[in-house]
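One-letter residues, chain by chain:
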Amino acid sequence: MTISGRTAVAGVGVTTFGRLAGRSAWSLQAEAVRNALADAGLTKDDVDGLLTEPQFGEPLLLHGHVLGRMLGLKTYYLSTKSIGGATAISLVQEAAMAIDNGLCEVAVCVFGDNAKTGLPMLFGLAQMGRGQADDIAFGMAGGAAMEARSAMRYRHEFKVSDEMFGSVAIAFRDHATRNPNAQYREPLMMEEYLAAPFIAEPFRRYDCAVTTDGAVAVVVTSAERARDLAKPPVYVAGMGQGHNLDALKDPTHYTHFAGARSSARAFEMAGVATDDVDVAELYDCFTSTVLITIEDYGFCKKGEAGPFALEGNLQLGGELPMNTSGGLLSEGDLTGWNHVAEGVRQIRGESTSQVEGAEVCAVSGHGGFQAAHATLVLTKEPSR
């Protein structure tokens, strides 16, 4: 028994991204929820499920309770979760399961933060450091320093060049040039990429996700109800998770993520293979993360994603168009929530870098310093 195709995303709401001085994370979250409900043709009185990820500046334990009260909601289902960059997809999956089991009928999943102009992330970084064998005490704080170790090992083992990393950033920037909500819309050339300073070697400036203020909300409901709402339903056809909780004790930790297990489950549930995927929105906290995930998902064999990207296959018109809103590298880092929104837009035919005839989209979430991974397969039809 599978829930494939029995639930759907009925609405997405985003705010402006960028430097939004004076906006609280709470106000951004509320705006995204209002926009998502309007997109679906629903009101707050239709919502009986709320699933939230707390903002990093204020990691409040009862985040969902507070936001729900602010929004004036009365729900049958409530959940607050944080598993890093895999949270967005994990919460959409949870909403689908809750709806399919009759625990609620209309669920809103939401995240928003004012990380660019609001509270500093020092507190959040300190909390993350506690889970990294006290590395933060020795200055090893933040994602760039943590994942640079993986990138160095990956480069060494598979002979990945600077230009291969750069081709990922350049492809996603090209998509961002057409997205008015992207933070960075100027074309990026290889010369500029290579001339940029290192943040944590081998990562240069353009290898790293860009901080932003903003919020994204997603409305999930049953496929039957979604078909009667304002926008065409985008079906939740497949979902999976995989978590590498052994971390550095696993000798493959640096070059193989849990995405292989996560994607295998999602593709099997959806009844699709890699050749069926028309467009992908893969978590791009760093360029190396993208290449490793491409290989883990089976789009390329190990060591082949770099040349694949260098040949232009991630760009619109390429073999596997990817991160068509600009991704975390150019649109803004909302811990992968904007990937879910863009995946929905692709299936609806609403993207600013639309893949013609897109019917199957793979979306990935990746976080917890390579520990957590989640996969979502979105489709135009309920089954294939």
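Higher on the page you've got the structure.
A few points on the structure. Remember, predicted model here, so these are calculated numbers, not experimental data.

Conventions and cut-offs
- Residues numbered from 1 in each chain as written.
- Predicted model: local features only at pLDDT ≥ 70, side-chain atom pairs only at ≥ 80, totals over all residues.
- Heavy atoms only, no water.
- Helix = DSSP H or I, 4+ residues; strand = E, 2+ residues; numbered from the N terminus.
- Rg over C-alpha atoms; globule rule 2.2 N^0.38 Å.
- Buried < 20%, exposed > 50% of the residue type's maximum accessible area, 1.4 Å probe, protein only.
- Contact = heavy atoms within 4.5 Å.
- Areas by Shrake-Rupley, 256 points an atom, 1.4 Å probe, with all protein chains shown as cover.
- Lys, Arg positive; Asp, Glu negative; His and termini not counted.
- Charge placed at Lys NZ, Arg CZ, Asp CG, Glu CD.
- Core = buried A, V, L, I, M, F, W, Y, C linked by side-chain atoms within 4.5 Å.
- Expected span 1.5 Å × (residues − 1).
- Polar contact = N/O pair within 3.5 Å; in protein donor to acceptor, adjacent residues only side chain to side chain.

**Description of the overall build of the chain**
Alright, step 1. When helices and strands are tallied, the chain shows 13 helices and 11 strands.
Alright, step 2. Relative to the globule expectation of 21 Å for 384 residues, the C-alpha radius of gyration of the chain, 19 Å, shows essentially globular dimensions.
Alright, step 3. Principal-axis analysis of the C-alpha atoms gives the chain an extent of 55 × 45 × 40 Å.
Alright, step 4. Considering the chain as a whole, with its 384 residues, one finds that 59% of them fall into the buried category.
Alright, step 5. A separation threshold of at least 6 residues defines the contact pool for the chain, and within that pool the share at least 24 residues apart is 76%.
Alright, step 6. Surface accessibility of the chain: about 15100 Å² in total, with carbon and sulfur atoms responsible for 53%.
Alright, step 7. Charged side chains in the chain number 31 positive and 46 negative. The centres of these two groups are separated by 4 Å.

**Here we look at the nonpolar core**
Alright, step 1. Counting residues in each nonpolar core, the largest one holds 50 residues, and the members touching the most others are Ile294, Leu314 and Met322.
Alright, step 2. Elements represented by at least two residues in this core include exactly α5 (143–158), α6 (162–176), α9 (259–270), α10 (287–296), α11 (305–310), α12 (327–330) and β10 (360–367).
Alright, step 3. With 7 residues, α6 is the single largest residue contributor to this core.
Alright, step 4. Grouped together as the second largest cluster of nonpolar side chains are 40 residues, Ile3, Tyr77, Ala107 and Cys361 included.

**Observations regarding the environment of Gly365**
Alright, step 1. Inspection of the secondary structure puts Gly365 in strand β10.
Alright, step 2. Sequence spacing of Gly365 and Arg261 is 104 residues, and the spatial spacing of their C-alpha atoms is 13 Å.
Alright, step 3. Ignoring anything within four residues of it in the chain, the contact list for Gly365 reads Gly85, Ala86, Ile89, Tyr283, Ala372, His373 and Ala374.

**A word on helix α3 (residues 87–100)**
The periodicity of an α-helix, 3.6 residues per turn, causes residues three or four positions apart to be oriented the same way.
Alright, step 1. The end-to-end C-alpha distance of α3, which contains 14 residues, comes to 20 Å, matching closely the 20 Å that a straight helix rising 1.5 Å per residue would cover.
Alright, step 2. Counting buried positions over the 14 residues of α3 gives 12, a clear majority of the element.
Alright, step 3. Buried within α3 are the following residues: Thr87, Ala88, Ile89, Ser90, Leu91, Val92, Gln93, Glu94, Ala95, Ala96, Ala98 and Ile99.
Alright, step 4. Looking one or two residues beyond α3, the residue adopting positive phi is Gly102, at roughly 75°.

**Considering the side chain of Asn313**
Alright, step 1. The topology assignment puts Asn313 in the loop between α11 and α12.
Alright, step 2. Here Asn313 falls in the buried class, since its relative accessible area comes to 11%.
Alright, step 3. Asn313 has contacts with Phe308, Gly318, Glu319, Leu320 and Pro321, leaving out every residue within four places of it along the chain.

**Some thoughts on the environment of Thr87**
Alright, step 1. Note on placement: Thr87 falls in helix α3.
Alright, step 2. You can call Thr87 buried: its relative accessible area is 0%.
Alright, step 3. Residues Thr87 and Thr335 lie 248 residues apart in sequence; the distance between their C-alpha atoms is 7.9 Å.
Alright, step 4. Beyond its immediate stretch of four places on either side in the chain, Thr87 contacts Glu53, Lys81 and Ser82.
Alright, step 5. A polar contact of 2.6 Å, which involves the side chain of Thr87, links it to the backbone oxygen of Gly84.

**Comments concerning unusual backbone geometry**
Alright, step 1. For the bond running from Glu201 to Pro202, omega is 15°, close enough to zero to count as cis.
Alright, step 2. The topology assignment puts Pro202 in the loop between β5 (198–200) and β6 (203–204).
Alright, step 3. In the Ramachandran plot, Asn323 falls in the positive-phi region, its phi being about 50° despite a non-glycine side chain.
Alright, step 4. Summarising the element assignment, Asn323 is placed in the loop between α11 and α12.
Alright, step 5. Owing to a relative accessible area of 0%, Asn323 belongs among the buried residues under this scheme.
Alright, step 6. Within the chain, Thr335 stands out as a residue other than glycine whose phi angle is a positive 45°.
Alright, step 7. The topology assignment puts Thr335 in the loop between α12 and α13 (337–348).

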